[in-house]
Amino acid sequence: MFRNIEKKIFFPAVAVLLLLLLPIYLIPDKVNGIVSFLFDLCTGQFGWIFLLTCLASFGFLIWLTTSRYGNIRLGGTGDKPQYGNLSWVAMLFTAGVGTSIVILGFLEPIYYVSGPPFDLAPFSKEAYEYAHMYGQFHWGFSAWAIYNPAIVAIAYIMFVRKDESMRLSTACKSVIGRHADGWAGHIIDILVVFGIVGSISTSLGIGAPVLSAIIREVFHIPESMDFAVSIVVLLVWVMIFGTSVYLGLEKGIQNLSNINVVLAFVFMLIVLLTGPTIDIFKMEVNSLGLYLSDFVRMSTWTDPFGDGVFTKEWTVFYWGWWLAFMPMMGMFVGKISRGRTIREVMWGQLVWGTLGCCTSFMIFGGYSLYLQGSGRVDLAAILAEQGQSAAILAILKTLPMAKFMMIFLCIVCFVYLATTIDSCAYVLAGTTTRKLSEKDDPERWNRILWAVLFCLLSIGLMVIGGLEAVKTISVLTGLPLVFVIFVLMASVKRMLKEDSRTCREENET
């Protein structure tokens, strides 16, 4: 059972996670206080580091794709892409976003309009304009650029250097040398485990309470059973995930992702056509202009002479969350990108990922801002007084065939996050596997184990409660990965130079 398991990574990571779960369940009130303290510490003292890391990732993308290295094929010269373009885009997009794109797509603009950036007056005309755009910045080009160093590093060592490993420590070998197989490499891989567990638990912590509220509304289940329904939601996700695991990467994740994208865009189309369609398009054209004109300002805004609340609670949180997801996306997208050039992979995942996210925020955010601005529903008051679940229900009740749309949204969210859980568990199982060739999959029991741990941590987050708890998990797990992403950038550069020099010397002889 453990013959091909990397025990120096697997057992310490599982043991530490279980030790972290115990106080969450035994002393939730004290843990909640610690969580709030750690969030303020990380965002207040180290927020500027997250912003610089995001800019560095974007600069790395521009440098690599405009250099001669951008034409390098990830595989042999005759290798064709392993997956068709539509399946490849569907898998990378659904792995990278999850249920949060739907829930926060509706709610995030309401948070922004009531607490806008740049010291704008709440609910002013300018606040509404920035509220529609700012989510697209947080889920846009800068965010998806964070994934690229890990994607290229993993794909390069697997398909060009033919290394039988799916670990970030191996991808860092060009920089840290023999230490990649020692304590330094093990620390990197354990950080990867925590980053992935933290990122997916954040998604589950946001999604499960909202879905349980929708299910209670549809089936008239008493509010006293809310926590029990949330547990059932998590168990259903594990069941969907288990089926996908059994079918494998080809039939499981690929088919689930294709179904997911179709369902998500049908739901978006319904909201667009039943909402103020022309107004939503007008909002988006305006948001594109704001995005382009204020890109540098948003990327570097630390609010040094203000309270910094918006930057800490949103931009720094998001960059931490994307960093925590970085190892998973690097290993998963790297694994499915054989046969594509570096330029195709980097720009493909950046453009298609951004396009999908911005379309979601354009429609969902536009609709919720329309409801708020027209006075039809005071979503800001509902969000402040009753929470996210109540606000989502209020939005869905304004749509035609409200109960049908609630059920439809539940299905979309279930499939969305099942795909993300599947991808995360696949990567964690690969990280804790000693040898894994480009054609092999990690063992099924290993993947299912990580899915169970995701659910246990997510239940714990619901126990200590609130959006702040799930935000803190992302920031805490993302912060140590700042160091790893810079090592990956340096490692990719060094590998490309070494192999280019070797190839040139071979041609000369």
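Cut-offs applied
- Residues numbered from 1 in each chain as written.
- Predicted model: local features only at pLDDT ≥ 70, side-chain atom pairs only at ≥ 80, totals over all residues.
- Heavy atoms only, no water.
- Helix = DSSP H or I, 4+ residues; strand = E, 2+ residues; numbered from the N terminus.
- Rg over C-alpha atoms; globule rule 2.2 N^0.38 Å.
- Buried < 20%, exposed > 50% of the residue type's maximum accessible area, 1.4 Å probe, protein only.
- Contact = heavy atoms within 4.5 Å.
- Areas by Shrake-Rupley, 256 points an atom, 1.4 Å probe, with all protein chains shown as cover.
- Lys, Arg positive; Asp, Glu negative; His and termini not counted.
- Charge placed at Lys NZ, Arg CZ, Asp CG, Glu CD.
- Core = buried A, V, L, I, M, F, W, Y, C linked by side-chain atoms within 4.5 Å.
- Patch = residues over 30% accessible without salt bridge, like charges linked within 9 Å, V, L, I, M, F, W, Y side chains within 5 Å.
- Salt bridge = Lys/Arg side-chain N within 4 Å of Asp/Glu carboxyl O.
- Phe/Tyr/Trp six-rings, centres within 6.5 Å; stacked < 30°, edge-to-face > 60°.
- Lys NZ or Arg CZ within 6 Å of the ring centre and 35° of its normal.
- Axes fitted to C-alpha atoms, helices over the stretch in contact; angles between N-to-C directions.
- Left-handed = near helix turned anticlockwise from the far one by under 90°.
- Nonpolar A, V, L, I, M, F, W, Y, C, P; charged D, E, K, R; others polar.

Asker: Tell me what's going on with the overall build of the protein, and back it up with residues and numbers.
Answerer: A count of helical and extended segments in the protein gives 21 helices and zero strands. For the protein, whose C-alpha radius of gyration is 22 Å, the value lies close to the compact-globule estimate of 23 Å for 509 residues. Across its three principal directions, the C-alpha atoms of the protein cover 75 × 50 × 45 Å. Across the 509 residues in the protein, those meeting the buried criterion constitute 60%. Looking at the protein alone, contacts between residues at least 24 apart form 84% of all its contacts between residues at least 6 apart. Carbon and sulfur atoms make up 65% of the accessible area of the protein, which amounts to about 19600 Å² in all. Side-chain charges in the protein split into 36 positive and 36 negative, and the spacing between the mean points of these groups amounts to 9 Å.

Asker: Talk me through the nonpolar core; I want residue IDs and the actual numbers.
Answerer: Of all hydrophobic cores here, the largest spans 173 residues; its most connected members are I214, W450 and F454. When residues of this core are assigned to their parent elements, the largest contribution, 17 residues, is made by helix α10 (residues 183-219). Beyond its immediate chain neighbours, meaning those up to four positions away, W450 contacts F10, A13, V14, L17, V193, V197, A425, L428, A429 and T432.

Asker: Lay out a nonpolar patch on the surface with the relevant residues and their values.
Answerer: Judged by side-chain polarity, L19, L22, Y25, L26, I27, I448, V452 and L456 come together as a nonpolar surface patch covering roughly 720 Å² of accessible area. Those elements that provide at least two residues to the nonpolar patch are α1 (7-26) and α19 (444-464). At four residues, the largest contribution of residues to the nonpolar patch is made by α1. Tracing the sequence through the fold places V452 in helix α19. Taking the relative accessible area as the measure of exposure, V452 reaches 38% and is therefore partly exposed.

Asker: Describe in detail the packing of aromatic side chains, supporting the description with residues and values.
Answerer: Applying the stated criterion across every chain, the model contains 38 aromatic pairs. Where F118 meets Y134, the ring centres are 6.1 Å apart and the plane angle is 50°; that geometry is what we call tilted. Placement of F118 in the loop between α4 (100-114) and α5 (125-138) and of Y134 in helix α5 is noted, with a sequence separation of 16 residues between them. Here the two residues F118 and Y134 agree in accessibility, since each one is buried. Here F317 and W321 contribute two aromatic rings whose centre-to-centre distance is 5.4 Å and whose plane-to-plane angle is 25°, an arrangement assigned as stacked. Residue F317 and its partner W321 are located together in helix α14 (residues 309-335), separated by four residues, close to a single helical turn. For the pair shown, F317 and W321 are each scored as buried. The ring of F118 carries R297 above its face, with NZ or CZ at 3.7 Å from the centroid. Across from the ring centre of W88, 4.4 Å away, lies the NZ or CZ of R340, which sits over that ring.

Asker: Provide a residue-level description of unusual backbone geometry, including the pertinent values.
Answerer: For F123, which is not glycine, the phi torsion reads 65° and is therefore positive. Unusually for a residue other than glycine, D303 sits at a positive phi of about 50°.

Asker: Give me the lowdown on the packing of helix α7 (residues 148-159) against helix α15 (residues 342-373), citing residues and values where you can.
Answerer: Two numbers describe how α7 lies on α15: the axes approach to 10 Å, and their chain directions differ by 150°. In this structure, α7 crosses over α15, and the sense of that crossing is right-handed. Where α7 abuts α15, its residues N148, I151 and V152 lie against I342, V345, M346 and Q349. For the contact of α7 with α15, the per-class residue count stands at five nonpolar, two polar and no charged.

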